[in-house]
Amino acid sequence: MADSGLLLKRASCRSTWLRARKARPQLILSRRPRRRLGTLRWCGRRRLRRRLLQAQAAGVDWREGARQVSRAAAAGRPKTETPSPIPSPTPASEPESEFESASSCRRGFTFSGICRVTCLYGQVQVFGFTISQGQPARDIFSVYTHSCLSIHALHYSLPEKSKKELKREARILLKSHLNLDDRRWSMQNFSLQCSIVLLEHLKTASVNFITSYPGSSYIFVQESPTPQIKPEYLALRSVGIRKEKKRKGLQLTESTLSALEELVSVSCEEVDGCPVILVCGSQDVGKSTFNRYLINQLLNSLPCVDYLECDLGQTEFTPPGCISLLNITEPVLGPPFTHLRTPQKMVYYGKPSCKNNYENYIDVIKYVFSAYKRESPLIINTMGWVSDQGLLLLIDLIRLLSPSHVVQFRCDHSKYMPDLTPQYVDDMDGLYTKSKTKMRNRRFRLAAFADALEFADEEKESPVEFTGHKLIGVYTDFTYRITPRNRESHNKILRDLTILSYLSQLQPPMPKPLSPLHSLTPYQVPFNAVALRITHSDVAPTHILYAVNASWVGLCKIQDDVRGYTNGPILLAQTPICDCLGFGICRGIDMEKRLYHILTPVPPEELRTVNCLLVGAIAIPHCVLKCQRGIEGTIPYVTTDYNFKIPGASEKIGAREPEEAHKEKLYRRPKFCRKMK
């Protein structure tokens, strides 16, 4: 009898443990190692029973969870989830697509990788942008260089229909994506306020081009350090993503959310005019992330948002070294190198920093800002240099641009920066402007500033008034991985990725294979058709072609007519402030025919107006020159015989190179040119 009683006791414990085990894939009861329920105390069993009852009351049945796991293991076809934010396991044989149904819950699905997201039913939010049922698919880039993104389900208004009618509508939407058995199973797990999302494998020419270079393949897809054979992992891997812990995702502080809510409210309810929002702060405090999130939030309610880029080193929508004004109509769901756009107005400054040339920097910003029509909210991104002269330059920008709101960022590791209140800005002298106490009237004219910037005559007569701004302080708190020692290296990698993304526009559309850059036919530009200017340093006229060859060049349009010259090259004495239409690579110079060979994705109709080539300190990524596929023997523009005793030969642009790089150094030949078929 004793043995019999013991047997019954074990059976009861095993049954209770089986219920908890079957419910575990949906509930995530604990991350601690599993233990037999027989060893749990009465309080532990009571807590477990309460969780099971809560889950069952919310519509999640542990029996359905068991059927779900067994069903996923047996069937090799796409499926939807129960109304839980945790993805359910799917087999590896799933053909590059994954369905996820998430209720309007408190948790989201955080992932790394890239995919295409389509909301089939309900509403979800990604990086502040709301994707609703019926909207086009969105490409999402949750890459290794930035914080992971998450998909959150949202509450949405339900039509006055019964649950049966709503299920019928959802069944019709799923008909083109699921077979009959999976549709039936999905409808069994259907609940009100649920959202059904389709995740598809994403393939673009830009992604393929960037990952074709060594060292860049890990950017978009990072493999797990320990191989997993779980159905959930294999299913997500077939899509091109990997589930991540919530702490790896983007975490917004309360002050950040409060600032976003206030700015969105002001932008949507502004009566007197569109707000001008200037975002400032030291390096690596989250300014760019805040700008992307704010753009996405505004696009939920507004058709477009204007963006003024004043950060030369880390541009958002253009290659580095540019000051630009853009009109954004589509959400930004990734880092800068995944969403390059064509600007309304752009000037190629030519350097990742404005140090030692502040006046030209102010002139360029004023020239670009003049194209702003005040028809939509404007977001101004500024540099992370906020100490010494950088702070004075920022004060000049605030007075010049007259923002209605100034968002100032700070965190524990950032440098000290005084609060840029209207009173502080009025009392401080900038690099080119005087404080308000030194002017005659409360609303004063910038006479001295206008003379320094060479304002037009009609602009000197009209007063520039400063009516003050509202300061919004934002405190950020996140894991800080960038240090002063690796910041330059990290920023240079991001700049190289942006240039690679721009060059990917030369590639044919999918599904055609990639074409090496040296196999593409360049444009032939006569010497006497364009003027030349080196923006970042003084170069002797006899060495101009050495500097232009194998360089990253800005294709610009100046007002002067350069067609009167016969031979060329035509050299400019000063760097002009002119419109930049795009960029290219001078991949060769033909001295006999006096031609430049320019490789660029700029359309031919725009190239007809280009009459100036600007060469700056922005360099072509080394991987473009060192990893040229299909070349046998000596690689063009790469040598191991380099003389560092030549003046200027050891000067480096960007991050400090290791000593091993001295063994293989890039250089430029003046007469290299390949005949194109």
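Residues numbered from 1 in each chain as written. Predicted model: local features only at pLDDT ≥ 70, side-chain atom pairs only at ≥ 80, totals over all residues. Heavy atoms only, no water.

- Looking at an unreviewed UniProt entry, the chain carries the name Polynucleotide 5'-hydroxyl-kinase NOL9, with the source organism given as Colobus angolensis palliatus.
- Per UniProt, the chain carries the Subunit (unreviewed entry) text "Interacts with PELP1, WDR18 and SENP3. Interacts with LAS1L to form an ITS2 pre-rRNA endonuclease-kinase complex."
- Looking at the Sequence similarities (unreviewed entry) heading of the UniProt record, one finds this comment for the chain: "Belongs to the Clp1 family. NOL9/GRC3 subfamily." (UniProt positions renumbered as here; feature names shortened; annotations may be inferred.)

**A word on the overall build of the chain**
- The secondary structure content of the chain amounts to 18 helices and 24 strands.
- The proportion of buried residues among the 677 residues of the chain is 49%.
- Considering only residue pairs separated by 6 or more positions, the chain has 74% of its internal contacts joining residues 24 or more positions apart.
- Of the roughly 34,900 Å² of accessible surface on the chain, 50% is carried by carbon and sulfur atoms. (Helix = DSSP H or I, 4+ residues; strand = E, 2+ residues; numbered from the N terminus. Buried < 20%, exposed > 50% of the residue type's maximum accessible area, 1.4 Å probe, protein only. Contact = heavy atoms within 4.5 Å. Areas by Shrake-Rupley, 256 points an atom, 1.4 Å probe, with all protein chains shown as cover.)

**A look at the sheet that holds strand β13 (residues 378-381)**
- Strand order in this open sheet of 7 strands is β12-β11-β10-β13-β9-β14-β15, and the pairing throughout is mixed. For this open sheet the edge positions go to β12 (345-348) and β15 (470-475), each flanked by a neighbour on one side alone. The sheet shows a mean angle of 15° between the axes of neighbouring strands, direction not considered.
- Here strand β10 (residues 305-309) runs beside strand β11 (residues 322-328); their pairing, made up of 5 bridges, is antiparallel. Note that in β11 the partner of Val 305 across the bridge is Ile 328.
- Relative to the sheet, helix α8 (residues 254-269) contacts β9 (276-280), β14 (405-410) and β15, its axis offset from that of β15 by approximately 145°.
- Contacting β10, β11, β12 and β13, helix α10 (residues 358-369) runs over the sheet at an angle of about 20° to β11. (Pairing = 2+ DSSP bridges. Axes fitted to C-alpha atoms, helices over the stretch in contact; angles between N-to-C directions.)

**Topic: the confidence of the model for the chain**
- Model confidence for the chain is summarised by a mean pLDDT of 77, while 72% of its residues fall at 70 or above.
- Contacts from residues 440-465, a stretch scored under 50 in pLDDT, to residues over four places away or in other chains number 32 contacts.
- Across residues 651-677, confidence stays below pLDDT 50; counting only partners more than four residues off in sequence or on other chains, it has 66 contacts. (pLDDT = per-residue confidence, 0-100.)

**Here's the deal with the side chain of Ser 504**
- Within the fold, Ser 504 resides in the loop between α15 (487-503) and β16 (523-526).
- Among the polar contacts made by the side chain of Ser 504, one reaches the side chain of Ser 206 at a distance of 3.4 Å.
- Setting aside residues up to four positions removed in sequence, Ser 504 forms contacts with Ala 205, Ser 206 and Phe 209. (Polar contact = N/O pair within 3.5 Å; in protein donor to acceptor, adjacent residues only side chain to side chain.)

**Considering the pairing of β10**
- Of all 5 residues making up β10, 5 are buried, and the element is well covered by its neighbours.
- Neither face of β10 is open: one carries Val 305, Tyr 307 and Glu 309, the other Asp 306 and Leu 308, and all of them are buried.
- Alignment of β10 against β13, held across 4 bridges, turns out to be parallel. Its bridge partner being in β13, Leu 308 is matched across the sheet by Ile 380.

**Description of the packing of helix α4 (residues 163-174) against helix α5 (residues 180-188)**
- Two numbers describe how α4 lies on α5: the axes approach to 10 Å, and their chain directions differ by 145°. Here α4 runs over α5; the crossing is right-handed. Contact with α4, carried on its side by Lys 167, Ala 170, Arg 171 and Leu 174, involves Arg 183, Ser 186 and Met 187 of α5 and no other residues of that element.
- Partitioning the contact of α4 with α5 into residue classes produces 3 nonpolar, 1 polar and 3 charged. (Left-handed = near helix turned anticlockwise from the far one by under 90°. Nonpolar A, V, L, I, M, F, W, Y, C, P; charged D, E, K, R; others polar.)

**Details of the pattern of salt bridges**
- Per the stated rule, a full pass over the model turns up 11 salt bridges.
- Put simply, Glu 244 and Arg 242 hold a salt bridge, and the shortest N to O gap is 2.6 Å. For the residue pair Glu 244 and Arg 242, the accessibility class agrees, reading buried in each case.
- Three or more residues joined by partner-sharing salt bridges are found here, namely Arg 242, Glu 244 and Lys 248. (Salt bridge = Lys/Arg side-chain N within 4 Å of Asp/Glu carboxyl O.)

**Side note on unusual backbone geometry**
- The step from Met 510 to Pro 511 runs through a cis peptide bond, and the omega angle for that step is 10°.
- Of note, Pro 511 is situated in the loop between α15 and β16.
- Of note, the phi angle at Gln 193 is positive, near 65°, even though the residue is not glycine.
- Relative to the helices and strands, Gln 193 resides in the loop between α5 and β7 (194-200).
- Unusually for a residue other than glycine, Ser 402 sits at a positive phi of about 50°.
- Relative to the helices and strands, Ser 402 resides in the loop between α11 (389-401) and β14.

**Observations concerning the side chain of Asn 296**
- Mapped onto the elements of the fold, Asn 296 is located in helix α9 (residues 287-299).
- What makes Asn 296 buried here is its relative accessible area of 0%.
- Only 2.9 Å separates the side chain of Asn 296 from the backbone nitrogen of Val 332, close enough to count as a polar contact.
- Not counting the four nearest positions on each side in its chain, Asn 296 is found in contact with Phe 127, Gly 128, Phe 129, Pro 331, Val 332 and Leu 333.

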